[in-house]
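Results of the structural survey
Given next are the chains, with one letter for each unit.
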Amino acid sequence: MSDFSNQKVVISGATRGIGKAIATAFLEQGATVIGLYAGNRQAADNFKEECLKYQDRIHLYQCDVSDYTSVENIYARIEEQFDTIDILINNAGIRRDGVLAMMPLKDWQQVIDTNLTGSYTMSKFAVQLMMKQKYGRIIFITSPMAHMGFAGQANYAASKAGQIGMMKSLSKETAKRKITVNCVSPGFIATELIGDLSEDLQKEYKKLVPLKRFGSPDDVSHAVLFLASKKAGYITGSVLEVTGGL
Ligand code: NDP
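If you look the protein chain up in an unreviewed UniProt entry, it shows as 3-oxoacyl-ACP reductase FabG from Candidatus Desulfobia pelagia. UniProt, in the comment section headed Sequence similarities (unreviewed entry), describes the protein chain in these words: "Belongs to the short-chain dehydrogenases/reductases (SDR) family."

Listed below in structure tokens is the structure:
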């Protein structure tokens, strides 16, 4: 594992699921973590409690990434407190499944606003800070649904495909400043996001995975920490799949 001492990492959706595993892994490797969550205060308090031994290096803020002004304000606070940041993980994401023909506009909009526009806003202000030091790592947590599609997930798949297009473009804009931009694409990962799947569906989906199991949040965090490390300095504009072979 790489040493992330003295590195500052911003993670959206840092207090549950995959984001929490990523935040914990960075804390274990010496980083300072600035974690955002949407509104589940209980989960944030519980995570803070679990991280008491890292209390000097963990900073949790409530910030809805789909709200441009909230993100702008949180970055002003980050700049005041930390000056710059080294790593951004665009992890916050939601699902609002339904077949497209019956999908209410609000379900389309909420998913695009959170997963895609949220990634744009978070990246925009992160790049402005990273440019000052001519170094940075930006990682989007996308999904294989971006290229596979899935019945009932037109909004989610579109948001995840959009993240990949944004990542590819941004990687070309920031390369000369030594800011790399990549995606990690997890398959089925056991978190609350897919907690609504019935046992029968879970069994069916596990059969589709060549490695015959759902991944864990730690399976994803290992890949994220590699791409965020200095050793990954020649990797940009790529998608790393953590899918069990899906
Ligand atoms: P969870 O539902 O377990 O956690 C989601 C996290 O995102 C929570 O911390 C939540 O905050 C935060 N969040 C949601 N909306 C916002 C918002 N508007 N502003 C700020 N934070 C927000 O999800 P996962 O950990 O499973 O998923 C994380 C990412 O991984 C997502 O982008 C998801 O699409 C992607 N992914 C997940 C897969 C899976 O199988 N689990 C597979 C492929 C990709 P709060 O606690 O306050 O609600």
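What about the site of the ligand?
Lining the immediate environment of the ligand, one finds 30 residues, of which Arg16, Gly39, Asn91, Tyr156 and Thr191 sit closest. Here a nitrogen atom of the ligand and a backbone polar atom of Cys63 are 3.4 Å apart. Here an oxygen atom of the ligand and a side-chain polar atom of Lys160 are 2.9 Å apart. In the complex, the protein chains occlude 94% of the 910 Å² of accessible area that the ligand would expose alone. Those elements that provide at least two residues to the shell around the ligand are helix H1 (17-28) and helix H6 (154-174).

So, the packing of aromatic side chains
Scanning all chains against the criterion turns up six aromatic pairs. Relative to Phe125, the ring of Tyr68 lies with its centre 5.6 Å away and its plane at 65 degrees, an arrangement referred to as edge-to-face. With a gap of 57 residues between them, Tyr68 in helix H3 (residues 68-82) and Phe125 in helix H4 (residues 105-133) connect regions that are remote in the sequence. Relative accessible area serves as the criterion here: at 31%, Tyr68 is assigned to the partly exposed category.

Structural notes on the pairing of strand E3 (residues 58-62)
Counting buried residues in E3 gives four out of five residues, a clear majority hidden from the surface. Looking at chain direction, strand E2 (residues 32-37) and E3 are connected through five bridges and run parallel. Bridge pairing in E3 links Tyr37 to Gln62. Running through helix H2 (residues 41-50), the crossover from E2 to the neighbouring parallel element E3 is right-handed.

Section: the packing of H3 against H4
Where H3 contacts H4, the two axes come as close as 9 Å, and the packing angle between them is 25 degrees. It follows from the interaxial angle that H3 and H4 lie roughly parallel. In the crossing of H3 with H4, the sense of the turn from one axis to the other is right-handed. Along the contact surface, H3 presents Tyr68, Val71, Glu72, Tyr75, Ile78 and Glu79, while H4 presents Tyr120, Thr121, Met122, Lys124, Phe125, Ala126, Leu129 and Lys132.

Calculation notes
Residues numbered from 1 in each chain as written. Predicted model: local features only at pLDDT ≥ 70, side-chain atom pairs only at ≥ 80, totals over all residues. Heavy atoms only, no water. UniProt positions renumbered as here; feature names shortened; annotations may be inferred. Near = heavy atom within 4 Å. Polar contact = N/O pair within 3.5 Å; in protein donor to acceptor, adjacent residues only side chain to side chain. Areas by Shrake-Rupley, 256 points an atom, 1.4 Å probe, with all protein chains shown as cover. Helix = DSSP H or I, 4+ residues; strand = E, 2+ residues; numbered from the N terminus. Phe/Tyr/Trp six-rings, centres within 6.5 Å; stacked < 30°, edge-to-face > 60°. Buried < 20%, exposed > 50% of the residue type's maximum accessible area, 1.4 Å probe, protein only. Pairing = 2+ DSSP bridges. Right-handed = clockwise from strand over helix to strand, strands pointing away. Axes fitted to C-alpha atoms, helices over the stretch in contact; angles between N-to-C directions. Parallel < 35°, antiparallel > 145°, perpendicular 65-115°, else oblique. Left-handed = near helix turned anticlockwise from the far one by under 90°. Contact = heavy atoms within 4.5 Å.

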